[in-house]
Every structure is written in C-alpha cells, then in structure tokens.
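Understanding the architecture of this molecule
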Amino acid sequence: MRDHEHGHGHGPGESHGHDHHHGGGHLALWWRRLRHMLVPHSHDSRESIDSALESSREGLRALWISLVGLGITAVAQAVIVVLSGSVALLGDTLHNVADALTAVPLGIAFLLGRRAATRAYTYGYGRAEDLAGIIIVAVIAASAAAAAWTAVTRLLHPAEVTHLPWVAAAGLVGFAGNELVARYRIRVGRRIGSAALVADGLHARTDGYTSLAVLAAAGGAALGWRWADPAVGLVIAVAITFVLKDAAREVYRRLMDAVDPAIVDQAEMTLRDIDGVRDVAAVRLRWIGHRLHAEAELVVDADLSLLAAHEIAADAEHQLTHAVPRLTSATVHTDPHSHPGGHHHTDLSHQRRQGLR
C-alpha cells in the first residue's frame, strides 16, 4: 500500500516539467540535472505542505483584501442609510456587512488548515474550512431574515425616504464594490479549490446585483411611491435567499465528500494507462479543505514480485498527482488479478490465520 504526498500543483493542460524516461546517455542526464537546478521538483512530502501553505496564504490574502473592500462599501452605505431612512439600502448594507463578516470564520479556518497533522487529527485540519462554510450559510440566512423583517415592517408602516440622489449613488457603489470582491474571491477560490471561498464570492456577486435594485427604490420614491423602497427591500431579501440556496448546496456537497465526476474519470483514465495495470477496481476521491485525497485499488499480474507490484503502485500514485489538479496525496493498493477487489481480503485473512495455526 502506498501513501505519498506531492505538491506538484499542475493544472489541466500544464506541462509536468518532468522527464519520466530515464535513459538517453550522458547528454540526457546532464539536461535532467540542469533542469532540476533551474526548476526544483522535489518528491519529498514537504513540497506538498509548502504548496498547501501557499494556497492557504492565497485564500487569506483574498479574504482580508475583500474584507477591507466590503467594509469600506458598507460604511459608506450605512452613512447614507442614516441620512435617508431607505429600507432598500438598509437591506443592501446589512447584506454587505454580513458578507464582510464571513471573512472572519473563513480566515480562522485557513489558519487552522495550515497546522500540521497530529496523532488525533491524522488528516490535518482542512475540514475547518467546511465548518466555516456552514457559518457562512448561517450568516447569509440571518441577513436575509433581517432584510425581510425590516422591509415588511416598513410596508406596514410607510415612511418617507430622503436624499434620493445619495441613495442611488450608494446603490452604484455597492454594486461596484461587491462585483470586484466577487470576481477576486471566486477566482482565488477556484484556483486553490476552496468551496467555501467560492460560495463567499457568489454571495458577494448577488449582493452587487441587489445593490442595483436600490436604484429602482430611489426612482420609485422620487415618483412619490412610498411603497417602492420597502418593496425593493423585500425583493433584495428574496434574492439573498437564492444565494443562500446555492451556497448551502455547495457546502453540503463538500461536507458529503462529493467531487466532480469528471475528476474521477480523469483519475481512472490515468491509472488505466499505467504500464502493468490490468484493471482499476476502485477509485475514491474526497476533499479535505481545499485539497484532494485519492484512494485507488489496482489489479496487476498475480506472478509479479513484491518489488514489481510496489513499483507499479509508486508509478500510479505519482502519475495521479500529476494528472488531477489539487490532488496532494494518494493511497494506492495493488491486488493480484487472481483475487481482484477488496471483497477477497476477508477470505484471504481467514485462510492465512488458519495456515499460521
């Protein structure tokens, strides 16, 4: 059984920068040595840790930059809320504040995820990121409820909205700030494989579109429609609810160890192309934070030596970490073709125990 970690970090279509053919004479040997000096490429597990730390640093950087951006946006809007009394703008501001605050649990999760594995937490602390996703979903739900409650209250008890040009300007500021933050979070989240950060970015994107609804509220109030502002506030609350649904589904899938089936197909295809692999009995993939872990069962010739089977397993897990983006560890088990699959293991164990008596 093999369990090695590599931090190759190769994305789709990228060159592996790795010469797997070890022949070619002195010239090829000289070229390989030169390339390794120019482009360090370690097979040590510490390289995987360095790659994971770098992705966590990227996530933290994205969080703090977006926190500052959304914080400035929310403060500017809050000042105008106080001056104007706009419920629609209040709902948008609440949403922006909630979106900014979600950076806190996610930032803590990224920091925890950088800690080394222990005897108790043998896979490390990557799952803290998924727990942060639950908190983010709860914050989104709370902001939707607060916006809806305020809007319904204002519909029942109408009030005049003032400083309408400033309300409209605040809506535009909210849209611009949220869209910039959303693009940044989603791009970084997808690059490092963080479902929680992507969910946070989607949340910010919808915040931007709901900010544009504030313009409609200001226009309706300018026409003397006192119901327009709270009605738009209610629409914003409904929009937040749709974001809640998408974010909750994303976090749920991650908690349930769901992966893109295309990744599983890629892993199986890679393993079947390994010399000496007769079949792939099983492939399992799971996310741990924003890193993937794989387990594979391969079928090989029954007459192979232990060393030969070991070499096939080593080659398989090495190629797998190259082929699957963000895969940092792989456990590869080889079965002889006379006893393929894990269902034979119990019988083999019983037979061996009886033979030892």
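Computed from a prediction, not measured in an experiment: that's the story for all the values here.

For the rest of this paragraph, the subject is the confidence of the model for the protein. For the protein, per-residue confidence averages 76 on the pLDDT scale, and residues scoring 70 or more make up 82% of the total. Per-residue pLDDT stays below 50 along residues 1-54; that stretch engages in 77 contacts with residues further than four places along the chain or on separate chains.

It is the contact of helix H3 (residues 87-101) with helix H5 (residues 128-156), at a shortest axis distance of 9 Å, that shows an interaxial angle of 170°. By the angle between their directions, the pair H3 and H5 is classed as roughly antiparallel. Between H3, through Val 87, Leu 90, Gly 91, Leu 94, His 95 and Ala 98, and H5, the contact on the second element is made entirely by Val 139, Ser 143, Ala 146, Ala 147, Thr 150, Ala 151 and Arg 154. Class assignment of the residues belonging to the contact of H3 with H5 gives a composition of eight nonpolar, four polar and one charged.

This part is about the packing of aromatic side chains. Applying the stated criterion across every chain, the model contains one aromatic pair. Positioned above the aromatic ring of Tyr 125 is the side chain of Arg 115, whose terminal nitrogen or guanidinium carbon lies 4.6 Å from the ring centre. Looking at Arg 254, its charged tip hangs above the ring of Trp 287, at a distance of 4.2 Å from the centre.

Relative to the helices and strands, Arg 226 is located in the loop between helix H7 (195-222) and helix H8 (228-255). Along the sequence, Arg 226 and Val 161 sit 65 residues apart, while their C-alpha atoms lie 7.8 Å from each other. With near-sequence residues (within four places) excluded, Arg 226 lies in contact with Pro 158, Ala 159 and Glu 160.

With that settled, the discussion passes to the pairing of strand E4 (residues 327-336). The buried fraction of E4 amounts to seven of the ten residues, a majority that puts the element mostly inside the structure. Across nine bridges, the pairing between strand E3 (residues 291-300) and E4 is parallel. Bridging across to E4, Ala 294 finds its partner in Ala 330.

A contiguous nonpolar patch, built from Val 152, Leu 155, Leu 156, Leu 223, Trp 225, Trp 227 and Leu 234 and spanning about 710 Å² of accessible area, is present on the exposed surface. In this fold, Val 152 is placed in helix H5.

What follows deals with the nonpolar core. Considering soluble globular proteins, one finds that nonpolar side chains tend to be buried as a cluster. Judged by nonpolar contacts, the single largest core of 40 residues is most densely connected at Leu 89, Leu 106, Ile 140, Val 167 and Leu 197. Among the secondary structure elements, those contributing two or more residues to this core are helix H2 (45-84), H3, helix H4 (103-113), H5, helix H6 (164-192), H7 and H8. The leading source of residues in this core is H8, at eight residues. Counting residues in each nonpolar core, the second largest holds 22 residues, with Leu 271, Val 280, Leu 292 and Val 300 among its members.

Once that is clear, we can look at the pattern of salt bridges. Summed over all chains, the structure comprises ten salt bridges. With a shortest N-O distance of 2.9 Å, Arg 183 and Glu 179 are connected by a salt bridge. Here the residue Arg 183 and the residue Glu 179 both occupy positions in helix H6, the gap between them amounting to four residues, near one helical turn. When the shortest N-O distance is used, the salt bridge between Arg 284 and Glu 297 registers 3.3 Å. With Arg 284 in strand E2 (residues 279-288) and Glu 297 in strand E3, this pair connects stretches of sequence that are 13 residues apart. Each of Arg 127, Asp 130, Asp 257 and Arg 286 takes part in salt bridges that share partners, so that together they form one network.

Definitions and limits used
Residues numbered from 1 in each chain as written. Predicted model: local features only at pLDDT ≥ 70, side-chain atom pairs only at ≥ 80, totals over all residues. Heavy atoms only, no water. pLDDT = per-residue confidence, 0-100. Contact = heavy atoms within 4.5 Å. Axes fitted to C-alpha atoms, helices over the stretch in contact; angles between N-to-C directions. Helix = DSSP H or I, 4+ residues; strand = E, 2+ residues; numbered from the N terminus. Parallel < 35°, antiparallel > 145°, perpendicular 65-115°, else oblique. Nonpolar A, V, L, I, M, F, W, Y, C, P; charged D, E, K, R; others polar. Phe/Tyr/Trp six-rings, centres within 6.5 Å; stacked < 30°, edge-to-face > 60°. Lys NZ or Arg CZ within 6 Å of the ring centre and 35° of its normal. Buried < 20%, exposed > 50% of the residue type's maximum accessible area, 1.4 Å probe, protein only. Pairing = 2+ DSSP bridges. Patch = residues over 30% accessible without salt bridge, like charges linked within 9 Å, V, L, I, M, F, W, Y side chains within 5 Å. Areas by Shrake-Rupley, 256 points an atom, 1.4 Å probe, with all protein chains shown as cover. Salt bridge = Lys/Arg side-chain N within 4 Å of Asp/Glu carboxyl O. Core = buried A, V, L, I, M, F, W, Y, C linked by side-chain atoms within 4.5 Å.

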